[in-house]
Structure formats: C-alpha cells, structure tokens
Amino acid sequence: MSGWGPSIYGQPCGACGFDWALPLDDAAPTMSAIAASYGDVLRGATGREQHPDLSWTSAAYVSHVGDNLRIWTERLRGVALGASRRVGSYDENELARARNYDAIPLPAALWSLRLSVAEWLKAVDDTPRSGTVLLHPERGQWICERSSCRTSTTCGIICGTSNARCAGSRRTTRRPT
C-alpha cells in the first residue's frame, strides 16, 4: 500500500475515520452509497454554497469527485487491460477551470457522480485482485489487493460528504491526484 494517504490524513483518517488498510472489497459498499449520501447532504442546496475559506462551491466539489472517480476508473481499467502500470497525474484546479465547474448545475453534478460511482464499482469488480499495480508519479505504488488502488477517493469522499455544504478545495496548493 502507498503511504501517501496515511501520511497526509493519518491512519485512520483524522477527519472521517477511514482505515487505509481496509480491503478493497470492504470499501465498495461505502463507495456505492456515496452518490446518495451527497444527495442527502445537499438536499435543498443550490450548488452555489461556498465556505469563505474554500475556493470551490458545493456543486464544483461534487463535479470534482465525479471527475476524480472517472479518472481513477480509467487508470484502473487501463492497467487491468494490459497498459503500462505508470499512470499520470493531473492538476485538479486546471481541470476545474477547463470544465468550468462553476457553471455545472448541482443536479447535473450529482447525476454525473452517480455514473462515476457505478463505473468505478464495475471497474473494481472487473479488476484482478492480484498483479494489478498502478505506479503514480507522486503517490507511488498502489496495489489493488487493498483499497489502496484508490483509497483517497473513499476517504476524500467520506470527508467531503460530511462537509459538502461548505465543500470545495480544502487546499490552497495543488495536490497530485
């Protein structure tokens, strides 16, 4: 398992209690409930809610989560289908600008998140549990026998769900994703 997540968030995560050593199959039920959790937390929201200390609106944050899941699904699928184990990183803020997150309506962002979660779960189900390793330039080796093939998705989404009304980029500096 990569030490990236625990080194940043703690083991378990100090914000949401996520156990970074959780087996991948045990993380799947949490992930399957994510879209509904976001919908529940954001019921009645406009998507324009924004905490003064954060840079993204709640709809932008939901859009980021959906995009991030889709990107990791693509990476996982590629490696599982025989592509290079080396995966690239991206700048989440550049992607937010390119996709114009601020113009995405909250209902559309939640719809996209539902699709992304379903595709991520299918990719996890279809991925061999041994021999599937992703090599991220900043995060290091991710072995898909455990949730580490995308544990920060699970942790980040759990943390984000509890803070979705004031959701946004909690960071002022770029973190590789």
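Calculation criteria
Residues numbered from 1 in each chain as written. Predicted model: local features only at pLDDT ≥ 70, side-chain atom pairs only at ≥ 80, totals over all residues. Heavy atoms only, no water. Salt bridge = Lys/Arg side-chain N within 4 Å of Asp/Glu carboxyl O. Helix = DSSP H or I, 4+ residues; strand = E, 2+ residues; numbered from the N terminus. Buried < 20%, exposed > 50% of the residue type's maximum accessible area, 1.4 Å probe, protein only. Axes fitted to C-alpha atoms, helices over the stretch in contact; angles between N-to-C directions. Parallel < 35°, antiparallel > 145°, perpendicular 65-115°, else oblique. Left-handed = near helix turned anticlockwise from the far one by under 90°. Nonpolar A, V, L, I, M, F, W, Y, C, P; charged D, E, K, R; others polar. Arc of directions from axis to C-beta. Core = buried A, V, L, I, M, F, W, Y, C linked by side-chain atoms within 4.5 Å. Phe/Tyr/Trp six-rings, centres within 6.5 Å; stacked < 30°, edge-to-face > 60°.

## Some remarks on the pattern of salt bridges
For the structure shown, the criterion picks out five salt bridges. Between Arg 70 and Asp 67 there is a salt bridge, and its shortest N-O distance comes to 2.8 Å. Taken together, the residues Arg 70 and Asp 67, both in helix H4 (residues 58-80) and three residues apart, mark about one turn of the helix. In this structure, the salt-bridge partner of Asp 67 is Arg 99, at a minimum N-O distance of 2.6 Å. A residue pair is termed long-range when its members are at least 10 positions apart, and Asp 67 in helix H4 and Arg 99 in helix H5 (residues 92-99) qualify at 32 residues. Residue class for Asp 67 comes out buried when judged on its relative accessible area of 5%. On the basis of relative accessibility, which here comes to 37%, the residue Arg 99 falls in the partly exposed class. A network of salt bridges, in which partner residues are shared, links Asp 67, Arg 70 and Arg 99.

## Examining the packing of H4 against helix H6 (residues 106-126)
The relative placement of two packed helices is expressed as an angle between their axes plus a distance between the axes. Packing of H4 against H6 brings their axes to within 8 Å, and their N-to-C directions diverge by 25°. Taken together, H4 and H6 sit at an angle that is classed as roughly parallel. Seen along the crossing, H4 lies across H6 with a hand that is left-handed. Residues that form the contact of H4 with H6 fall into these classes: 13 nonpolar, five polar and five charged.

## Points about helix H3 (residues 34-41)
Every buried residue belonging to H3 is among Ile 34, Ala 35 and Tyr 38, and all of these are buried. All buried residues of H3 project into a common sector of 100° when viewed along the axis, lining one side.

## Quick word on the nonpolar core
Formed by 34 residues in total, the largest nonpolar core has its most connected members in Tyr 38, Leu 42, Val 62, Leu 69, Leu 106, Leu 113 and Leu 134. Going through the elements one at a time, helix H2 (24-32), H3, H4 and H6 are the ones with two or more residues in this core. Ranked by size, the runner-up nonpolar core spans five residues in total, among them Cys 13, Phe 18, Leu 22 and Ala 27.

## Remarks on unusual backbone geometry
Pro 12 follows Gln 11 through a cis peptide bond whose omega is -5°. Note that Pro 12 resides in the loop between helix H1 (4-9) and H2. In this model, Asn 100 sits at a positive phi of 55°, which is unusual for a non-glycine residue. Summarising the element assignment, Asn 100 is placed in the loop between H5 and H6. Owing to a relative accessible area of 43%, Asn 100 belongs among the partly exposed residues under this scheme.

## Topic: the packing of aromatic side chains
Under the definition given, this model contains two aromatic pairs. Considering the side-chain rings of Tyr 38 and Tyr 61, the 6.4 Å spacing of their centres and the 15° angle between planes classify their relative orientation as stacked. Here Tyr 38 is found in helix H3, whereas its partner Tyr 61 is found in helix H4, with 23 residues between them in sequence. Exposure remark for Tyr 38: the relative accessible area of 0% places this residue in the buried category. Considering the side-chain rings of Trp 56 and Tyr 101, the 5.7 Å spacing of their centres and the 85° angle between planes classify their relative orientation as edge-to-face. Here Trp 56 is found in the loop between H3 and H4, whereas its partner Tyr 101 is found in the loop between H5 and H6, with 45 residues between them in sequence. Of the two residues, Trp 56 and Tyr 101, both sit in the buried class.

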